[in-house]
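What follows is the residue order along each chain.
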Amino acid sequence: MKISALSTVVLAFAALCASGCDDTLRQDMATQPKNRPLSPSDFFSDGRSERPLLENTVAHGAIDNDVYEVSKDFAGFPPAVKVDEKLLSRGQDRYKIFCTPCHGLQGDGNGMIAMRGMKHPPSYHIDRLRQAPNGYFYDVITNGFGAMYSYSERIAPSDRWAIIAYVRALQLSRNAKATDLSSEQRQKLDAATSGGAKE
């Protein structure tokens, strides 16, 4: 008597489990209810499943910002970019957020990601990158290079130029000579290195 009750429970449980395998109960991406492109639909009054685009809709990536777009061998900054202290400050801020994980605070390729086993990016202070035109840096930020993926979705074009200005400031600070300074700046530097700097 006990065996037949147990077998009934087991059979009922097996039937319940088997019914759970039906596609109507299990919905995943492949079997979910949906309308295929251009298929008819009773839901909308016009009978179409594909909806017309909203007014002023622009396809992703369709707006080309000609103000900032340059060739890889472009050496300067676009006319719309004013290189000043505000731009450098913005560049430093964006650089710390997006670039330091791999390139490091000093641009030497020793960021925390690289220190944890990823391939070290080249230092900004090598001759090849010090001599590279600004358009090269813009292209790399926009399209990526090697293990670096594209930042076109994350960094606005104006901020890319701010980062480039800051990278140039990093390069200049690492490779500057005392002869590049004005006499007033040299006096301040001499005073600072001798320990008697006064503001």
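Above this text is the structure in question.
One numbering rule holds for all chains: residues counted from 1, following each sequence as written. A pLDDT threshold of at least 70 governs which residues receive local features in this predicted model, and a stricter bar of 80 or more applies before side-chain atom pairs are shown or counted, although totals over entire chains, interfaces and linings include all residues. Heavy atoms throughout the structure, all of them, feed into the side-chain values; hydrogens and water do not.

(A) View of helix α8 (residues 183-194). Spanning twelve residues, α8 covers 16 Å between terminal C-alpha atoms, matching the ideal 16 Å at 1.5 Å per step. Under the scheme applied here, a residue whose accessible area is under 20% of the maximum for its type counts as buried, over 50% as exposed, and between as partly exposed, the area being computed with a 1.4 Å probe on protein chains only. Each helix is a run of H or I in the DSSP string that is no shorter than four residues. Each strand is a run of E no shorter than two, and both are numbered from the N terminus. Of all the twelve residues making up α8, zero are buried; the element is thus mostly uncovered. Each residue after the first adds 1.5 Å to the expected span of a helix.

(B) View of the packing of helix α2 (residues 85-98) against helix α7 (residues 157-175). Geometry is summarised by axes, namely lines fitted to C-alpha atoms with helices restricted to the contacting stretch, and by angles between N-to-C directions that run from 0 to 180 degrees. Close contact between α2 and α7 brings their axes to 7 Å; oriented N to C, the two are set at 95 degrees. The orientation of α2 with respect to α7, classified from their angle, is roughly perpendicular. Residues L87, L88, R90, G91, Q92, R94 and Y95 of α2 pack against D159, W161, A162, I163, A165, Y166, V167, A169 and L170 of α7. Each residue gets one label: Ala, Val, Leu, Ile, Met, Phe, Trp, Tyr, Cys and Pro are nonpolar, Asp, Glu, Lys and Arg are charged, and the others, such as Gly, are polar. Here the residues of the contact of α2 with α7 are counted per class, giving eleven nonpolar, two polar and three charged. Roughly parallel covers angles under 35 degrees, roughly antiparallel covers those over 145, roughly perpendicular covers 65 to 115, and oblique covers all other angles. Here a residue-residue contact requires only that any non-hydrogen atoms of the pair lie within 4.5 Å.

(C) Representation of the pattern of salt bridges within the structure. Between Lys or Arg on one side and Asp or Glu on the other, a salt bridge is scored when a side-chain nitrogen of the former is within 4 Å of a carboxyl oxygen of the latter. All told, the structure shown has six salt bridges when counted by the stated rule. We note a salt bridge from D159 to R90, for which the minimum N-O separation is 2.8 Å. Of this pair, D159 sits in helix α7 while R90 sits in helix α2, and the two are 69 residues apart along the sequence. The exposure class assigned to D159 is buried, which follows from its relative accessible area of 11%. With a closest N to O distance of 2.5 Å, D127 and R130 form a salt bridge. Linking D127 with R130, this pair stays in helix α5 (residues 127-130), spanning three residues, or about one helical turn. A residue is classified by how much of its surface remains accessible, and D127, at 44% relative accessible area, is partly exposed. One salt-bridge network, in which partners are shared between bridges, spans D46, R48 and R51.

(D) Here's a closer look at a nonpolar patch on the surface. A surface patch of nonpolar side chains, amounting to about 280 Å² of accessible area, comprises M112, I113 and M118. Tracing the backbone shows I113 in helix α4 (residues 112-115). For patches, a residue must show more than 30% relative accessible area and have no salt bridge; joins then use 9 Å for like charges and 5 Å for nonpolar side chains, namely Val, Leu, Ile, Met, Phe, Trp and Tyr. The Shrake-Rupley method, run with a 1.4 Å probe, gives the accessible areas here. Residue values count only the displayed protein chains as cover.

(E) Looking closely at the side chain of Q171. Examined against the element boundaries, Q171 turns out to sit in helix α7. Taking the relative accessible area as the measure of exposure, Q171 reaches 4% and is therefore buried. The residues touching Q171, leaving out its near neighbours within four places in the chain, are Y124, H125, L129, R130 and F137.

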